[in-house]
Amino acid sequence: MARKAKKRRYSRSAGSDVESEMRRYKKGTAKSGRGGRGGRVKSRKQAIAIGLSKARKKGKKVPKKASKRKSARKTSRTSSKKSSKKSSKRKSSKR
């Protein structure tokens, strides 16, 4: 049985955008924020993210940004409920 070829998730041209951004990062000329006003890029991950966002703006084939996990939302909700219960207990003890 022949294997199916895996689909490329990123286009080659999107990879070249990331590559050029990495060069700028290594030189020390890569800047973040709108119009480069946010300061110098300090991490590799940040440089890659900037390269991918530039590729997205040009309309190249790049996967969508990952949405926030549902489990993270659940934990934040439960922690806020716990804090509200604690505050109500404290109010009753003060009176």
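Residues numbered from 1 in each chain as written. Predicted model: local features only at pLDDT ≥ 70, side-chain atom pairs only at ≥ 80, totals over all residues. Heavy atoms only, no water.

Enquirer: I'd like to hear about the layout of surface pockets, residue by residue, with values.
Expert: As a volume, the largest pocket reaches approximately 170 Å³. Residue lining of the largest pocket: Arg24, Lys31, Ser32, Gly33, Arg34, Gly35, Gly36, Ile50, Ser53, Lys54 and Lys57, and that is the complete set. Of all elements in the fold, only strand 1 (31-32) and helix 2 (44-58) reach the threshold of two or more residues within the lining of the largest pocket. Looking at the lining of the largest pocket, the element that brings in the most residues is helix 2, giving four residues. Looking at the lining of the largest pocket, its residues break down into one nonpolar, five polar and five charged. (1 Å grid on protein atoms, 1.4 Å probe; cavity = no way out; pocket = protein on both sides within 12 Å on 5 of 7 lines; lining within 4 Å. Points joined across faces, edges and corners; volume = space filled by probe spheres on them. Helix = DSSP H or I, 4+ residues; strand = E, 2+ residues; numbered from the N terminus. Nonpolar A, V, L, I, M, F, W, Y, C, P; charged D, E, K, R; others polar.)

Enquirer: I'd like a rundown of the nonpolar core, residues and numbers included.
Expert: Counting residues in each nonpolar core, the largest one holds ten residues, listed as Ala14, Val18, Met22, Ala30, Val41, Ala47, Ile50, Leu52, Ala55 and Val62. When contributions to this core are tallied by element, the ones reaching two or more residues are helix 1 (12-27) and helix 2. With four residues, helix 2 is the single largest residue contributor to this core. Among all residues touching Ala30, those that are not within four sequence positions of it are Glu21, Arg24, Tyr25, Gly39, Arg40 and Val41. (Core = buried A, V, L, I, M, F, W, Y, C linked by side-chain atoms within 4.5 Å. Buried < 20%, exposed > 50% of the residue type's maximum accessible area, 1.4 Å probe, protein only. Contact = heavy atoms within 4.5 Å.)

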